[in-house]
Amino acid sequence: MAAQPPVRGPGAPSHSWKGTALGALRGVGQVDFQASVWTSLVILVALWVAGWETGLFATVGAVAATLTARLLAVPHDSLAQGLMTYCGVLGGIAMLVYLGHHPSTYVMAVSAAVMCTLVTAALGTLLRPFGLKPFTGPFCLVSLVMVLGAPSFERVWHGTPESAVTQATPRSPDVGWTDLWQGFFSNISQIFFVETWYVGLIMLAGLFLAGWRVGLFTVLGSAVGILTAWALGAPAVLIGEGIYGYNAVLTSLAFGVVLLRPTGWNHAYTVLAAAASTGLTASLSVLFDDFGSHTFTWPFNITTWALLAAVPVLSRITVRADDS
């Protein structure tokens, strides 16, 4: 999820189909900041395990976003590393979750992926002077607009699907062992709108394939998300479903693996960021619920943008050389 380099104009070198295919696959792993082909493949398999519809719409989003980037001749590295694809993956799944499985949803998924690619390029250009990156902001923006607008269109809207309905949630904060261990893995799968714990377990195995640091900060983010939610008295059911922890996982990976150098102060800053994203998840959930939308990964984006913007005046917090 690195910032996008400027798009080259006419005369840019053509892309190979191998690079295009790798870009589509790597885009799945880039949701979690990983360009590893094996990690991406394992995560994609996990999405198909979650359900053939989820796997299919993730694949549709990846292919549509990557082909859009290829047709518009984005720089080769951005395409081949999946940096123009990952938001399209999430956008495709979001259309399935909020519009249901209908023929029109395939059109909307492709449209979301195309727009995610364009907004990724635009947001990357706008944020670059501030030293910030798009992260999953393009997915959040595009999905927010499309989900809110869908009920206005008769050929798109077929009623609220069960997957998008928030059931009455018991408010008890008494967390049981099942809530803890299932929530630990669901925090990872909820990044992709999946609350099934064994899907999160498969994804965690894939992330460890990318390196022990990647796996370790995934574990750290999930644990911080659970502990923060429990300490604040969040409903145990939502903790178990991973609702309060998925943004913490992304935030932990961003700061711990991608953005900051491996120092003690930076690790503490990573924990702080993950905890902050958990608290912000609750606040934004209330805000977005009032007009029928989802928090998506807004808590991760807002927390990371804010705390990354603060780094230049925090002498003890140091970014990696390629992110300075």
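Residues numbered from 1 in each chain as written. Predicted model: local features only at pLDDT ≥ 70, side-chain atom pairs only at ≥ 80, totals over all residues. Heavy atoms only, no water.

Visitor: Can you lay out unusual backbone geometry for me, pointing to particular residues and giving the numbers?
Guide: The phi dihedral of Phe33 falls on the positive side, at around 70°, and the residue is not glycine. Examined against the element boundaries, Phe33 turns out to sit in the loop between helix 1 (17–30) and helix 2 (37–50). What makes Phe33 buried here is its relative accessible area of 8%. Of note in the backbone geometry, Phe296 takes a positive phi value of approximately 45° without being a glycine. Relative to the helices and strands, Phe296 resides in the loop between helix 13 (264–289) and helix 14 (298–310). (Helix = DSSP H or I, 4+ residues; strand = E, 2+ residues; numbered from the N terminus. Buried < 20%, exposed > 50% of the residue type's maximum accessible area, 1.4 Å probe, protein only.)

Visitor: Tell me about the confidence of the model for the chain, and name the residues and values.
Guide: Low-confidence regions, as indicated by low pLDDT, have predicted coordinates that should not be scrutinised in detail. Of the residues in the chain, 90% have a pLDDT of 70 or more, and the chain-wide mean is 91. For residues 2–11, every residue scores under 50 in pLDDT, and the model assigns this stretch 25 contacts once sequence neighbours within four places are set aside. (pLDDT = per-residue confidence, 0-100. Contact = heavy atoms within 4.5 Å.)

Visitor: Lay out the packing of helix 13 against helix 14 in plain terms, naming residues and giving numbers.
Guide: Contact geometry of helix 13 with helix 14 gives a least axis separation of 8 Å together with a crossing angle of 135°. Judged by the angle between their axes, helix 13 and helix 14 are oblique. Here helix 13 and helix 14 pass one another in a crossing that is right-handed. Here Tyr269, Ala273, Ala276, Ser277, Leu280, Thr281, Leu284 and Phe288 of helix 13 come into contact with helix 14, specifically with Trp298, Pro299, Ile302, Thr303, Leu307 and Ala310. Along the lines of polarity and charge, the residues of the contact of helix 13 with helix 14 split into 11 nonpolar, three polar and no charged. (Axes fitted to C-alpha atoms, helices over the stretch in contact; angles between N-to-C directions. Parallel < 35°, antiparallel > 145°, perpendicular 65-115°, else oblique. Left-handed = near helix turned anticlockwise from the far one by under 90°. Nonpolar A, V, L, I, M, F, W, Y, C, P; charged D, E, K, R; others polar.)

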